[in-house]
Amino acid sequence: MSETTDKKVHGIAAEYTSVDTLMDACRRVRDAGYTKTDAFAPFAVHGIDKALGIKPTKLPWIVLACGLTGTLTGLCMQIWMNGIDYPYIISGKPYISLPAFIPVAFELTILFASFGAFFGMWALNGLPKFSNPVFTDPRFDRVTDDRFFVYVDASDARYDRAGVEKLFSETGSEYITTVMEDDSPKKVPKFIITSWMVMVALSIIPLLIVLKMRVTNSSSPRFHIFYDMDFSPSKDAQQNTTLFADARAMRPDVPGTVARGQMDLNYQTGIDIDALAKIDGPRAAMLVRALDDAEAKADSAAKSDGAPKAAASPAPGVMDTTPWLGENPSELTAALLEKGQQQFGIYCSVCHGMNGGGNGLVNRRAQKILAGTWVPPSSLHQDSLYAGKYPDGKLFNTISNGIRKMPGYASQIKVEDRWAIVAYVRALQKSQNASIDLVPASKKKAIEKQQAAVQQKLKEQAEAEKKAAEESAAKAAKAESDKPSA
C-alpha cells in the first residue's frame, strides 16, 4: 500500500487475480453504496456492469433524439425548398410528396444519429483525455494481461480512504494502492492544435471559391464536376436504341397506369363505362385495366376461333353496341368553343374544311391530282353525324382513335381540347340550320342589318352578272350579224 500527501488523491484501486474475486469485489463495492466506481479487466466480463451497479447509458436516447432531429430536418428542408420557396414538379408528383421525401430524410436520420452516437460517447466518457492518474502505477499495466482492478473515485459522496481500503482488504485483494495525481501534461499537444487549425483553414478555401464564383463573371468554360450528369446520354423520340428489344427510344405507357388526374374514364374514352360493364364486362375491364393491344388481340383471336363460324345473322358492330356518352361532359362556354375552333382549324380543317363541309385543302388537292386511293372526308353536316345519330362520345372516340383512313389524334390533341372540338363541331352543325329566332334579342337587330346588307350585296352582284352576260350576248350577236355573208 503506497501513501503520499504531496499530490492530490484521485481514488483507491485494488488488484485481483481472478474474475470471481473481481466480481465479488464489485458486488461488495456496489452494496456499500459507492457509485463513482470502475472496473478494469484484460477481457470483457459478462455481468460486470450489473455487479458494479452501473446504470444503463443515456447514449441510445441521445442517438434517438439526433435521429429524429435529422428526420425533421430532412422533411422540413424539402417541404420548404420544393413546396414553398421554389415549387417544382418532379415526375408528376405533387409539390409536397412525403414518399418522395423519404430517401433524403432517411439519409439525414442516419447522419445525425451517427453524429449523436460519436460525439455523445465522447461527452459521456469525458473524452478526449490525454492523461489518466490510474496509469501512474506500473502494476496497472498488467490489467491488459492477467490482472483485474476495481477503482473507487475520491469524488464519490461516500468516499472514505480508510473505509475503502478496509473494504478492499475484506474482498481478498493483495494489492491496494492510492491513485495519485498524474504528472503527465494535461494540455492538448500543440501539434494537434496546429493540425486542427490548418484543416479548418483548408476547409474554408472551397467555400471562398464558391462565393467568388457567385459574385464574379468568368470567360473560362464551366468546370463540370459531374460531367456524366451535365451531359447524360439521351435519345430523341424517333431515334433507335439498343437498350430495348423493339429498338424504340420512345417507350410506350406502362400497361395499367393512369396519369394523375385522369381517372375519369368516361371523360377519357367518351364511353359510359358503367353501362358498358353491364352489357360487356370483359371489354369494360379491359378498358379499366388498360390492357395492351397485343393481349386484347390475343383474346379476340381466341374468341373468334372458338365461335361458331356458321352464324347466320351478322352481329352488330362494336361501334353500334358501345354505350357512348350522349352529351359533352365539358361545361359549354365561349372559351371552350373558341378553343375548339382553334383546334379544329389546326387539325381538322385541312381535310374537312373550315366550315366542316368536307372540302378542305387536302381533299381539293387529292381531287386535282386524281388520287386513286383517296377517300374523301365526310361532311360534318350530313344527317348521320348529327348528335341524334352520332353521340358526342362517339365523335370524341373518332377524333381520338380515327376512322377509316383518318388517323387518331389522341397523341397530339389533349383530352380537354378534343372535347372542345366536339363542342365546336356541334356548333358548326347547328349553324347550318339556325334561324334568326335563335339569335339573342340584343344582337338580333345587328344580325338583321348585316343580313340585309349581305342580301343587297348578293342581289347587286347577281344583277351585275346578269347585265354583263346580256352585254356579252349582245356583243356576240352583233359580231355575228356584222360578218360578211359568203
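Residues numbered from 1 in each chain as written. Predicted model: local features only at pLDDT ≥ 70, side-chain atom pairs only at ≥ 80, totals over all residues. Heavy atoms only, no water.

Under an unreviewed UniProt entry, the name given to the protein is Cytochrome c domain-containing protein, and the source organism is Rubripirellula tenax.

Draft legend 1. Representation of the overall build of the protein. Within the protein, the regular secondary structure consists of 17 helices and 4 strands. Taking 486 residues into account, the globule formula puts the C-alpha radius of gyration at 23 Å, and the protein, at 47 Å, lies well above it. Across its three principal directions, the C-alpha atoms of the protein cover 165 × 70 × 55 Å. Taken across its 486 residues, the protein has 25% of its residues classed as buried. Sequence separation of 24 or more characterises 68% of the internal contacts of the protein that already satisfy a separation of 6 or more. (Helix = DSSP H or I, 4+ residues; strand = E, 2+ residues; numbered from the N terminus. Rg over C-alpha atoms; globule rule 2.2 N^0.38 Å. Buried < 20%, exposed > 50% of the residue type's maximum accessible area, 1.4 Å probe, protein only. Contact = heavy atoms within 4.5 Å.)

Draft legend 2. Structural view of the pairing of strand β4 (residues 175–180). For β4, the tally of buried residues reaches 6 of 6 residues, placing the bulk of the element in the interior. Burial along β4 is two-sided: Y175, T177 and V179 facing one way and I176, T178 and M180 facing the other are all buried. Here strand β1 (residues 9–16) runs beside β4; their pairing, made up of 6 bridges, is antiparallel. Looking at the pairing, E15 lines up with Y175 of β4. (Pairing = 2+ DSSP bridges.)

Draft legend 3. Layout of the layout of surface pockets. When its volume is computed, the second largest pocket comes out at roughly 1100 Å³. As for the second largest pocket, its lining consists of 27 residues, of which T37, D38, I54, L124 and N125 are closest to the centre. At the level of secondary structure, the elements contributing two or more residues to the lining of the second largest pocket comprise β2 (37–40), α4 (98–124) and β3 (148–153). Here the lining of the second largest pocket gets 3 residues from one element, more than from any other, and that element is β2. Each residue belonging to the lining of the second largest pocket can be placed in one class, and the counts come to 12 nonpolar, 8 polar and 7 charged. (1 Å grid on protein atoms, 1.4 Å probe; cavity = no way out; pocket = protein on both sides within 12 Å on 5 of 7 lines; lining within 4 Å. Points joined across faces, edges and corners; volume = space filled by probe spheres on them. Nonpolar A, V, L, I, M, F, W, Y, C, P; charged D, E, K, R; others polar.)

Draft legend 4. Representation of the pairing of β2 in the model. Alternating residues of β2 divide into T37 and A39, all buried, and D38 and F40, none buried. Here β2 runs beside β3; their pairing, made up of 4 bridges, is antiparallel. Residue pairing in the sheet places T37 in a bridge with V152 of β3.

Draft legend 5. Quick peek at the nonpolar core. Y16, C26, V150 and F168 are the most contacted members of the largest nonpolar core, which has 22 residues in total. Mapped onto this core, the elements with two or more residues apiece are β1, α1 (19–31), α2 (48–52), β3 and α5 (161–170). For this core, the leading source of residues is α1, giving 5 residues. Leaving out residues up to four positions away in the same chain, F168 has contacts with I12, A13, A14, Y16, V29, V150, V152, S173 and I176. By size, the runner-up hydrophobic cluster in this structure holds 19 residues, among which are L395, Y409, W419 and L428. (Core = buried A, V, L, I, M, F, W, Y, C linked by side-chain atoms within 4.5 Å.)

Draft legend 6. A look at the UniProt feature "domain: Cytochrome c" (unreviewed entry) in the protein. With numbering aligned to this structure, UniProt lists the feature "domain: Cytochrome c" (unreviewed entry) at residues 335–429. Secondary structure across residues 335–429 divides into 54% helix and 0% strand, with the first and last C-alpha atoms of the span separated by 18 Å. (UniProt positions renumbered as here; feature names shortened; annotations may be inferred.)

Draft legend 7. Quick peek at the sheet that holds β2. If you walk across this open sheet you meet the 4 strands as β2-β3-β1-β4, and the pairing is antiparallel. Strands with a single pairing partner mark the edges of an open sheet, and in this sheet they are β2 and β4. Adjacent strand axes in the sheet meet at a mean angle of 20 degrees, parallel and antiparallel pairs treated alike. On top of the sheet, α1 reaches β1, β2 and β3; it is set at about 15 degrees to β3, its chief contact. Contacting β1, β3 and β4, α5 crosses the sheet at an angle of about 10 degrees to β1. (Axes fitted to C-alpha atoms, helices over the stretch in contact; angles between N-to-C directions.)

Draft legend 8. Spotlight on the packing of helix α3 (residues 59–85) against α4. Running from N to C, α3 and α4 cross one another at 145 degrees; their axes reach a closest spacing of 6 Å. Every pair of crossing elements has a handedness; the one defined by α3 and α4 is right-handed. Partitioned by chemical class, the residues of the contact of α3 with α4 number 18 nonpolar, 11 polar and no charged. (Left-handed = near helix turned anticlockwise from the far one by under 90°.)

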